[in-house]
Amino acid sequence: MDEDDGTLIDRHLDGDRDAFEILVHRHGPALLGFLRWRTRDPILAEDLLQETFLRALQALRSYRHRDRLRAWLMRIARNLVIDQERRRSGRLVPLDAPLSAAEPDGATLGDLLPAPARWEPEPQVERRELAAAARAAVNRLAPVQRDVFLMRQAGLSFKEIAKTQDCSINTALGRMYDAVNHLRRNLSDLQVASA
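Overview of the structure. What you see is a predicted model, and the numbers here were worked out from it, not measured in a lab.

## Overview of unusual backbone geometry
For step 1, the next point in the chain: Positive phi, normally seen in glycine, also occurs at Arg40, with a value near 55°.
For step 2, the next point in the chain: Relative to the helices and strands, Arg40 resides in the loop between helix H2 (17–39) and helix H3 (42–59).
For step 3, the next point in the chain: Located in the positive-phi region is Asp166, a residue other than glycine, with phi close to 55°.
For step 4, the next point in the chain: By the secondary structure assignment, Asp166 is in the loop between helix H8 (158–165) and helix H9 (169–194).
For step 5, the next point in the chain: A relative accessible area of 65% means that Asp166 is categorised as exposed.

Written out as structure tokens, the structure reads:
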């Protein structure tokens, strides 16, 4: 039988080193998925994941809401991303940098500039364009809507999302509703344009 997060926290605080590792394996993939979406940089996402667990480990003794661990970890991760975005704002992007850090071998800004025509198989180009349009649509969401959408994709419940964003469940649901409608409008426009 799997132990709940509260039991594992207690075991860790009692000196069981394996207990925290179980928590990392349980919650790490969802956090990493969220961090990769938000940072668009897999290496930075890994660094922020480690920092999230380090900060959680340092504050675990004072943490009281043991049934809401994932929401608490997500809040730490989200705050780290926001801090990172503040530090990075204003940096110039080189022309050969990938448009998506998640796809280091993907298209670059230089690829978008006029260049001699080159042949690419049409389906591959369409898939790449659709993926880029979907990423762009998610990135255009208001930050609170984007966070709700990404947290939900990472598997958090609306209750956990509400706790992470320090809002009511209805507000979290409303933000998700707005995010989905925004994405539908943007992606349906794309489908109509490509038809």
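## Considering the pattern of salt bridges
For step 1, the next point in the chain: A full pass over the atoms with the stated rule returns eight salt bridges.
For step 2, the next point in the chain: Measuring nitrogen to oxygen at the nearest pair gives 2.1 Å for the salt bridge that ties Glu3 to Arg11.
For step 3, the next point in the chain: Its salt-bridge partner being Asp16, residue Arg11 comes within 2.6 Å of it at the nearest N-O pair.
For step 4, the next point in the chain: The class for Arg11 is partly exposed, based on a relative accessible area of 24%.
For step 5, the next point in the chain: When salt bridges that share partners are traced, they join Arg38, Arg78, Glu85 and Asp147 into one network.

## Side note on the packing of H2 against helix H7 (residues 143–153)
For step 1, the next point in the chain: Close contact between H2 and H7 brings their axes to 9 Å; oriented N to C, the two are set at 145°. For the element pair H2 and H7, the recorded crossing hand is right-handed. On H7, the residues that touch Phe34, Trp37 and Arg38 of H2 are Arg146, Asp147, Leu150 and Met151.
For step 2, the next point in the chain: Looking at the contact of H2 with H7, its residues break down into four nonpolar, no polar and three charged.

## A look at the nonpolar core
For step 1, the next point in the chain: If you look at the biggest cluster of nonpolar residues, it comprises 43 residues, and the most contacted ones within it are Phe34, Leu35, Trp72 and Phe149.
For step 2, the next point in the chain: Breaking this core down by element, the ones donating at least two residues are helix H1 (5–13), H2, H3, helix H4 (69–88), helix H6 (122–140), H7, H8 and H9.
For step 3, the next point in the chain: When residues no more than four places from it in sequence are discounted, the contact partners of Phe34 are Met74, Ala77, Arg78, Asp147, Leu150, Met151 and Ala154.

Cut-offs used in this document
Residues numbered from 1 in each chain as written. Predicted model: local features only at pLDDT ≥ 70, side-chain atom pairs only at ≥ 80, totals over all residues. Heavy atoms only, no water. Helix = DSSP H or I, 4+ residues; strand = E, 2+ residues; numbered from the N terminus. Buried < 20%, exposed > 50% of the residue type's maximum accessible area, 1.4 Å probe, protein only. Salt bridge = Lys/Arg side-chain N within 4 Å of Asp/Glu carboxyl O. Axes fitted to C-alpha atoms, helices over the stretch in contact; angles between N-to-C directions. Left-handed = near helix turned anticlockwise from the far one by under 90°. Contact = heavy atoms within 4.5 Å. Nonpolar A, V, L, I, M, F, W, Y, C, P; charged D, E, K, R; others polar. Core = buried A, V, L, I, M, F, W, Y, C linked by side-chain atoms within 4.5 Å.

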